[in-house]
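# Report on the structure
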Amino acid sequence: MILSAFFKKRLKYYDLELSFSCPSGKTMVMIGPSGGGKTTVIRMLAGLETPDDGLLRFGEEIWFDSERRVNLKPQKRRLGYVFQDYNLFPHLDLYDNAAFAAVDKKEVDSLFEMFGISHLKKRKPHMVSGGERQRCAICQALARHPRVLLLDEPFSALDVVTRRGLREEIKKLKGRLSCPMIYVTHDINEALFLADEIVPLVEGKIDEGWMQRTISREPGQGVAARGAREPRLSLVY
Amino acid sequence: MDYLAFFVTLKLALVTTVVLMVLAAPVAYFLAFYRFPGKSLAEALIYLPLALPPTVIGFYLIILMGPRGWVGGLWAKLTGGSLLFTFAGIVIASVIYSVPFAVQPMKAAFAKIDRRLLENAYILGLSRRAAFLRVVIPNSLAGITAAAVLVFLHSIGAFGVLLMVGGSIPGETKVASIAIYEAVEMMDYRQAGLIALSFIPVSYAFLLLINKLNREVDS
């Protein structure tokens, strides 16, 4: 199954216009400077924002079509969304958060084991660290058996060590997932480490030269990814 | 002591609180989360009982709930009876009189909920109603309890509106505030004092509860 999108949206300072696609089992990383429109794109994929014009399909299923006035609600898209600031429900413990919309609640235990948070099941979100919260948020998203997994700068609020650990876990997860994964970040190392395809987004448009320009301007960038398989830059149609 | 009036008062306050919690919660949710034309007008209308003298509210309720009023007329068609001078009548009056005290704290509590929690709930497949019940309500319990306590206390203290709509029928519409008034009129200060005194610990305990809830909300 392929997730394919074409979006146009007028934003405050620029017009966003892009198209991309991501097949099942692949990870597309959307990268770019802050305010470039990455989060808007991921929110449009989730159905939390509406494009002015565009077409969004998952396989044969149309999720959004401005011409035919189709706009599937977020509830009907059945996707996983890992937010930057976790968005766990504060009144529930970690287990109930992850099991909130689980297809099979028994799976939550194995997800918790996989992410090493089994001992925190009964803790409320405010009683655990940011990294543990984000692990729980990933479990919550996966327990729903998402057709598409969206991650919006999931580790940007975490310290470097936790971030590296979680990055590794996402890399492992990639091998197991059979759905398209769209990952938003502004960290080039993270992008090179995780991506099968990279879409650099600058002021609402795909800018294929952005990565090269940024790496040559800041030579430290991209070092951590040295030795990793070079991802293909931007699959644009 | 007029235990019957005390009992009617507590029954009225309890019924008013339950009815208002159910009716006001969706209204407060709508006001907290949606923008619509005429919102400020609708909101001002809901808070109007705060700004009107109780006798003015009572007067219009008599008109509405009388046999020729549309509420009273409808009630007569459905039940064959009158709404004025009945317990049902003072419940309606008390509900209208206390609406602002239910809506305002709940609206404030709902407005504090992070919208992104709701977005997460929608992503996880919850309808708006389910998100309200499973996310908004559990995360607004302090505000909802504060609203319930305020409505309860306000209902206990109602006088003018109830006197106009319900009169003073023992065991039916004669509430404690009316009993105190009548006892004073008859120079029976002992009776008035006993009833009045019985409310002080109740009201004080509820106010302490509100303070505790407010501290919890702030923290």
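Just so it is clear, the structure is predicted and the values come from calculations on it, not from any experiment. (Residues numbered from 1 in each chain as written. Chains lettered and ligands numbered in written order. Predicted model: local features only at pLDDT ≥ 70, side-chain atom pairs only at ≥ 80, totals over all residues.)

## Comments concerning the overall build of chain A
Helix and strand content of chain A: eight helices and twelve strands. For 237 residues, the compact-globule estimate of 2.2 N^0.38 gives 18 Å, and the C-alpha radius of gyration of chain A, at 18 Å, lies within 12% of that figure. Scored against the burial criterion, the 237 residues of chain A give a buried share of 44%. (Helix = DSSP H or I, 4+ residues; strand = E, 2+ residues; numbered from the N terminus. Rg over C-alpha atoms; globule rule 2.2 N^0.38 Å. Buried ≥ 20, exposed ≤ 12 C-beta atoms within 10 Å, placed from the backbone.)

## Brief notes about the overall build of chain B
A tally of helices and strands in chain B yields eleven helices and zero strands. Put simply, chain B runs from its N terminus to its C terminus through helices and strands in the order α-α-α-α-α-α-α-α-α-α-α. Each principal axis of the C-alpha distribution contributes one length, and for chain B these read about 65 × 40 × 30 Å. Taken across its 219 residues, chain B has 37% of its residues classed as buried. A fraction of 76% describes how many contacts in chain B between residues 6 or more apart in sequence connect residues 24 or more apart. (Contact = placed C-beta atoms within 7 Å.)

## Points about the sheet that holds strand 5 (residues 61–65) of chain A
All names here are of chain A. If you trace the five strands from one edge of the open sheet to the other, you get 2-1-4-5-6, paired in antiparallel fashion. The open sheet has two edge strands, strand 2 (15–23) and strand 6 (70–71), and neither has a second partner. Strand direction decides the pairing type here: strand 1 (residues 2–10) and strand 2, joined by nine bridges, are antiparallel. Across the sheet, the residue bridging to Lys9 is Leu16, located in strand 2. Lying on the sheet, helix 1 (residues 38–46) is in contact with strand 1, strand 2 and strand 4 (53–58); it crosses strand 1 at an angle near 120°. (Pairing = 2+ DSSP bridges. Axes fitted to C-alpha atoms, helices over the stretch in contact; angles between N-to-C directions.)

## Topic: the pairing of strand 1 of chain A
Judged by which residues are buried, strand 1 of chain A turns out to be one-sided: A:Leu3, A:Ala5, A:Phe7 and A:Lys9 face inward and are buried, whereas A:Ile2, A:Ser4, A:Phe6, A:Lys8 and A:Arg10, on the alternate face, are not. Between the antiparallel neighbours strand 1 of chain A and strand 2 of chain A lie four residues.

## Digging into helix 1 (residues 3–33) of chain B
Quick reminder: α-helices carry 3.6 residues per turn. Residues three or four places apart thus point the same way. Between its terminal C-alpha atoms helix 1 of chain B stretches 44 Å, which fits the 45 Å expected from 31 residues at 1.5 Å a residue. Its axis deflected by about 35° at B:Ala24, helix 1 of chain B carries its strongest bend there, up to four residues before the proline B:Pro26. (Expected span 1.5 Å × (residues − 1). Bend = angle between axes of the 7 residues up to and from the residue.)

## Remarks on the packing of helix 1 of chain B against helix 8 (residues 141–157) of chain B
All names here are of chain B. At a minimum axis separation of 8 Å, helix 1 and helix 8 run at an interaxial angle of 140°. As for the relative orientation of helix 1 and helix 8, their crossing is right-handed in sense. Note on element contacts: helix 8 touches helix 1 through Ala148, Val151, Phe152, Ser155 and Ile156, opposite Thr9, Leu12, Ala13, Thr16, Thr17, Leu20 and Met21. Tallied by class, the residues present in the contact of helix 1 with helix 8 amount to eight nonpolar, four polar and no charged. (Left-handed = near helix turned anticlockwise from the far one by under 90°. Nonpolar A, V, L, I, M, F, W, Y, C, P; charged D, E, K, R; others polar.)

## Focus: the interface of chain A and chain B
How big an interface is tends to be reported as the loss of accessible area on association of its parts. Taken together, the contacts link 15 residues of chain A with 13 residues of chain B. Among the residues making up the side of chain A that touches chain B, the classes are represented as ten nonpolar, three polar and two charged.

## Focus: the environment of B:Gly73
With respect to the helices and strands, B:Gly73 occurs in helix 4 (residues 70–79). In contact with B:Gly73, not counting residues within four places along its chain, are B:Pro67 and B:Arg68.

## Things to note about unusual backbone geometry
Residues and elements named next belong to chain A. Even without glycine at this site, His145 takes up a positive phi of about 55°. Within the secondary structure, His145 is located in the loop between helix 5 (130–142) and strand 8 (149–152). Given 14 C-beta atoms within 10 Å, His145 falls into the partly exposed group. For Glu153, which is not glycine, the phi torsion reads 40° and is therefore positive. Along the chain, the position of Glu153 falls in the loop between strand 8 and helix 6 (160–176). We classify Glu153 as buried; it has 21 C-beta atoms within 10 Å.

## Digging into the environment of B:Ala102
Residue and element names in this part refer to chain B. Considering the arrangement of structural elements, one finds Ala102 in helix 5 (residues 87–111). For the pair formed by Ala102 and Ile62, sequence separation is 40 residues and the distance between their alpha carbons is 23 Å. Setting aside residues up to four positions removed in sequence, Ala102 forms contacts with Leu20, Met21, Ala24, Ala147 and Val151.

## Digging into the nonpolar core
Within the largest apolar cluster, 129 residues are counted, with the highest numbers of intra-cluster contacts made by A:Ala98, A:Cys139, A:Leu150, A:Ile182 and B:Met106. Per element, the largest residue contribution to this core is twelve residues, and it comes from helix 5 of chain B. Once residues within four sequence positions are removed from consideration, A:Cys139 is found in contact with A:Ala98, A:Val108, A:Leu111, A:Phe112 and A:Phe115. (Core = buried A, V, L, I, M, F, W, Y, C linked by C-beta atoms within 7 Å.)

## Structural notes on the confidence of the model for chain A
Residue and element names in this part refer to chain A. Counting all residues, the mean pLDDT for chain A is 87, and 92% of those residues have values of 70 or more. Mean pLDDT across the elements of chain A ranges from a minimum in strand 12 (residues 232–233), with 54, to a maximum in helix 3 (residues 94–98), with 96. Taken together, the stretch residues 224–229 has pLDDT below 50 and engages in seven contacts with residues farther than four places along the chain or on a different chain. (pLDDT = per-residue confidence, 0-100.)

## As for the environment of A:Gly59
Residues and elements named next belong to chain A. With respect to the secondary-structure elements, Gly59 resides in the loop between strand 4 and strand 5. The spatial distance from the C-alpha of Gly59 to the C-alpha of Ile2 is 5.2 Å, given a sequence separation of 57 residues. The contacts of Gly59, once residues within four sequence positions are left out, are Met1 and Ile2.

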